[in-house]
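# Coordinate inspection notes
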Amino acid sequence: MNKTTWMGYARQNGSKGIRNRLVVMYTVKCAEFVARELVRLSNSPDVELIGFDGCTDNQYAVRQMISLIRHPNVGGILAVGLGCEYMQPEWLCNIAQEEGKVCNWFFIQQQGGTRATIEVGIAWIREALEILSHTPRVEMSLSDLVIGAECGGSDYTSGLAGNVVVGRFFDDLVDRGGTAIFEEIVEAVGLDWYLTSRAASEEVRRQIQYTYDKALEYCRHAQQYSISPGNFAGGLSTIEEKSMGAVVKSGSRPIQGVLKVSSPVPHPGLWLLDSTPDPYFMDFGITNPSDNEGLLDLTSCGAHLVFLVTGRGNVVGNAIAPCIKITGNSDTFEHMQEDMDFNAGKTLDGRQTMTQNMEELRDLVIRVASGSPSKSEALGHKEFHIIYKYQEKEVPPCRA
Amino acid sequence: MDRIPTAFVITAADNVATALSPLDCGPVTLLGDTEVSSITATCEIPQGHKIALRNISAGENILKYGIPIGRATADIPAGSWVHLHVMRSNYDERSSHLDLQTGAPKDTKYE
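So, a few notes on the structure that sits alongside this text. Just so we're clear, the structure is a prediction, and the values are computed from it rather than from any experiment. (Residues numbered from 1 in each chain as written. Chains lettered and ligands numbered in written order. Predicted model: local features only at pLDDT ≥ 70, side-chain atom pairs only at ≥ 80, totals over all residues. Heavy atoms only, no water.)

### Some points on the packing of aromatic side chains
Residue and element names in this part refer to chain A. With the rule as written, the count across this model stands at 6 aromatic pairs over all chains. With 5.6 Å between their ring centres and 70° between their planes, Phe 169 and Phe 307 make a pair best called edge-to-face. Taken as a pair, Phe 169 in helix H6 (residues 158-175) and Phe 307 in strand S12 (residues 305-309) lie far apart in primary sequence, 138 residues in all. Take Phe 169 and Phe 307: they sit in the same class, and that class is buried. Assessed through its relative accessible area of 0%, Phe 307 is described here as buried. Site record: aromatic cluster; members linked through ring pairs are Phe 169, Phe 170 and Phe 307. (Phe/Tyr/Trp six-rings, centres within 6.5 Å; stacked < 30°, edge-to-face > 60°. Helix = DSSP H or I, 4+ residues; strand = E, 2+ residues; numbered from the N terminus. Buried < 20%, exposed > 50% of the residue type's maximum accessible area, 1.4 Å probe, protein only.)

In structure tokens form, the structure reads like this:
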């Protein structure tokens, strides 16, 4: 390991960010174009777009927008609304203000339309970027980092190399005092005994079992299990085998608890994120409609950086947390070099041991945390996906 | 140049390895967490599928990642193909009725 510390951005609440983003947030699809133009015209890699499409609001979506305002990689926000939607840009701005972040808000109707809003918006963004350039810097190390991981576009190498190196890295990160988050409880079918055996306490064991049972019930109702004919044809023989290939990215350390989407991580260690909808409104939202949504769920819990493990190859990034794309498939890595950040496939053809590969990943994490753009950042990927979903804020307490 | 046929062992406790290339009958180089450097494949095994590392008796667990991923439904000789025809899930009843080659369901009527 060459270098173990870097300079991050100090936030009022004591958290430390690895980026200093100014986020333009639209509060309804009708305001998206103006918000997107503001991001484009700012011509700055630090200005990002986030938004919620629906006019009728949704508590889950509002919580997620707020979690991103509070995110340590975010230095300021500009909330842009049309003027007749449920979600309130002024209230989002108030939260940013309480957090000591640079903020402003507009209604397009009050400003006098597209051109007028863009004019005042871009002038404000220039001022805000100037203020953000003076954000106090603070030393950071791996123990300050929160990293989330999910997989998508998986093939047989994901469970052999891509997810395995993430698991080894997560063990190392947790041992150094850092925080790791993994998700996809619907891909842990048959492994409740395994996950609960890693619970840090009796209460956590109960939370994991509750979340697992809920996910199974969800799969049964939605008639959607996470294994398909293509998986069997590709060599997977059981759902347990596929599940373990996904769960292996959690490494081997004790699980500290179950996070809900948009909940801050209470303390360092390894955490399971539940992104499955809660009961009562089973037909209100699906679990992870795209990898972008899954990555944003991890970000909403405060992940500074996100891993996307993809055997077949994906190209996406993330608006708030830099995305490191890991493949266990050397052919995919060669074929999509401009998009793939990391090749775990070197462990499969004997070029590297898993320990060497993990150390290489750790060096990459430190470089990206220090400010080097990940492949998706360099290409300008800025994906996000916020959906209507029903979720409680916490795993319900035990009913005696 | 043809790729050397290889299979990958995830943990030393495993009784199966995963084919990194299509395997013909004959010697296979083992990579990963293993002290044994090769095994002889007794039949063709597709890429991404599993090869038995030792004789496995009917009823015994199939171990990958060091955990049971299902159990043997027949005696499985070392070096042979381990898939739906000789093992089944401990949870998912349906997967033991799927087509061996394609994974397509055989229990849904198209009529």
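That was the structure; now back to the text.
### Regarding the nonpolar core
All names here are of chain A. By size, the foremost hydrophobic cluster in this structure holds 78 residues, and its most contacted members are Leu 145, Phe 170, Phe 307, Ile 326 and Val 365. Ranked by the residues each element gives to this core, the list is headed by H6, at 9 residues. With residues up to four places along the chain from it excluded, the contact list for Val 365 reads Leu 142, Leu 145, Ile 147, Phe 169, Leu 305, Phe 307 and Ile 324. (Core = buried A, V, L, I, M, F, W, Y, C linked by side-chain atoms within 4.5 Å. Contact = heavy atoms within 4.5 Å.)

### With respect to the pairing of strand S10 (residues 255-260) of chain A
Residues and elements named next belong to chain A. Most of S10 sits inside the fold, with 5 of its 6 residues counted as buried. Bridge analysis of S10 against strand S11 (residues 269-274) gives 4 bridges, and the strand direction is parallel. The residue of S11 that forms the bridge with Ile 255 is Leu 270. (Pairing = 2+ DSSP bridges.)

### Some details on the packing of helix H2 (residues 59-69) of chain A against helix H11 (residues 291-300) of chain A
Residues and elements named next belong to chain A. Where H2 contacts H11, the two axes come as close as 9 Å, and the packing angle between them is 60°. By the criterion of interaxial angle, the relationship of H2 to H11 is oblique. In this structure, H2 meets H11 at a crossing whose hand is left-handed. From H2, Tyr 60, Gln 64, Ser 67 and Leu 68 reach across to H11, where they touch Glu 293, Leu 296, Asp 297, Thr 299 and Ser 300. (Axes fitted to C-alpha atoms, helices over the stretch in contact; angles between N-to-C directions. Parallel < 35°, antiparallel > 145°, perpendicular 65-115°, else oblique. Left-handed = near helix turned anticlockwise from the far one by under 90°.)

### Observations regarding unusual backbone geometry
All names here are of chain A. Within the chain, Asn 43 stands out as a residue other than glycine whose phi angle is a positive 55°. Within the secondary structure layout, Asn 43 lies in the loop between helix H1 (32-42) and strand S4 (47-51). Given a relative accessible area of 70%, Asn 43 falls into the exposed group. Here Ser 262, not a glycine, exhibits a phi torsion of approximately 75°, which is positive. Structurally, Ser 262 can be placed in the loop between S10 and S11. You can call Ser 262 buried: its relative accessible area is 12%.

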